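# Tertiary structure, described
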Amino acid sequence: MAEQAERKIPQHVAIIMDGNGRWAKKRGLPRTMGHAQGAKVVEQILEDADHMGIKYLTVYAFSTENWSRPDSEVKALMNLLRTYMKTSLAKCAKNNVRIRVIGDRTKLDDDLQKAIANLEENTKSNTGIGFQIAINYGARDEMRRAVTRLCEKAKEGTLDPRDITEETISDSLDTAGIPDPDLLIRTCGEERLSNFLMWQLSYSELYFTDCAWPDFTKQELEKAVDAYNHRERRYGGLIQ
Ligand code: IPE
Ligand code: IPE
Ligand code: MG
């Protein structure tokens, strides 16, 4: 393991938190218990990431495809998110965390939308770690929404389509203003993006681990950061 002092810390880490269901099944528990344990782990990892010096953490909590799960599981996941949004303000204040929810929140229950808006508003001036939570998020849907907005501006006459740059597109996504992830972690053995941050991950380093999300610890995060330290980022250029 690299020494703390010489370890390069990624500025932005994105995580596909996978394996809650399998973790629970292995223990003879209902899948929702895996989600409950997973929710506890996110809070701990947010603190650990902050202590390690990571500036932005983005987690995939609920995808646009996850609505296809049984109603009872969707409800349990929404309730965990609801609880988080309604109870974490004091902790965010104490730890100086700035929250942003990415994804199409208009499809969420009204009270959840209000709780999200409230938490974002009350943490927006915090200067510590930026914590992005992806809810009803899909990269294709995010791009679709961005294209609609840009077309509306073009139609209004406030944007010339010939002036659209890559930056214009980045600035139209839910992650506007946030640097692209340096490192993507996916847990529990799957090696795919599942519609997560497809634009933003173009040049991120990808790290896959067999560890299920509810078993993820600071040590696992450090292992991922160590692996990142052994990567050579070339961005299409040549090594110096
Ligand atoms: C990740 O765990 C959490 C969500 C997708 C909401 P899963 O629920 O996908 O767990 P597995 O993949 O079925 O084990
Ligand atoms: C991706 O995990 C979504 C989240 C972690 C929220 P899934 O478990 O839904 O992805 P697939 O179905 O295995 O691709
Ligand atoms: Mg899964």
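As the structure is a computational prediction, the values presented were derived from the model and not from experiment.

### Quick notes on empty space enclosed by the protein
- Following the criterion strictly, the structure yields one cavity of 30 Å³ or more and no others.
- A volume near 60 Å³ is recorded for the largest cavity.
- Taken together, E43, L46, E47, Y84, K91, C92, N95 and V97 make up the lining of the largest cavity.
- For the lining of the largest cavity, the elements supplying multiple residues, two or more each, are α2 (31–52) and α4 (89–95).

### Focus: the layout of surface pockets
- Computed from the structure, the largest pocket encloses a volume of approximately 820 Å³.
- Forming the walls of the largest pocket are 36 residues, and the residues nearest its centre are M17, N20, Y60, A61 and L77.
- When contributions to the lining of the largest pocket are tallied by element, the ones reaching two or more residues are α1 (20–26), α2, β2 (56–63), α3 (71–87) and β4 (130–137).
- Looking at which element gives the most residues to the lining of the largest pocket, the answer is α2, with eight residues.
- Among the residues making up the lining of the largest pocket, the classes are represented as 16 nonpolar, 10 polar and 10 charged.

### Here we look at the pairing of strand β3 (residues 98–102)
- Note: β3 against β4, five bridges, orientation parallel. Bridging from a neighbouring strand, I102 pairs with A134 of β4.
- For the segment spanning β3, helix α5 (residues 110–123) and β4, crossover handedness is left-handed.

### Observations regarding the site of ligand 2
- In the vicinity of ligand 2, the residues found are I16, M17, D18, Y60, A61, F62, N66, R69, R186, R192 and S194.
- At 3.2 Å, a side-chain N or O of R69 approaches an oxygen atom of ligand 2.
- For ligand 2, the protein covers 78% of the area, taking 390 Å² as the surface of the free molecule.
- Because more than half of its atoms lie within 2 Å of the grid, ligand 2 is assigned to the largest pocket.

### As for the environment of R186
- Along the chain, the position of R186 falls in strand β5 (residues 183–186).
- In this structure R186 comes out as buried when scored by relative accessible area, which is 5%.
- Separated by 64 residues in sequence, R186 and N122 have C-alpha atoms that sit 30 Å apart.
- Apart from residues lying up to four places away in sequence, R186 is in contact with I16, D18, R192, L193, S194, Y207, F208 and T209.

So, how was this worked out
Residues numbered from 1 in each chain as written. Chains lettered and ligands numbered in written order. Predicted model: local features only at pLDDT ≥ 70, side-chain atom pairs only at ≥ 80, totals over all residues. Heavy atoms only, no water. 1 Å grid on protein atoms, 1.4 Å probe; cavity = no way out; pocket = protein on both sides within 12 Å on 5 of 7 lines; lining within 4 Å. Points joined across faces, edges and corners; volume = space filled by probe spheres on them. Helix = DSSP H or I, 4+ residues; strand = E, 2+ residues; numbered from the N terminus. Nonpolar A, V, L, I, M, F, W, Y, C, P; charged D, E, K, R; others polar. Pairing = 2+ DSSP bridges. Right-handed = clockwise from strand over helix to strand, strands pointing away. Near = heavy atom within 4 Å. Polar contact = N/O pair within 3.5 Å; in protein donor to acceptor, adjacent residues only side chain to side chain. Areas by Shrake-Rupley, 256 points an atom, 1.4 Å probe, with all protein chains shown as cover. Sits in = over half its atoms within 2 Å of the grid points. Buried < 20%, exposed > 50% of the residue type's maximum accessible area, 1.4 Å probe, protein only. Contact = heavy atoms within 4.5 Å.

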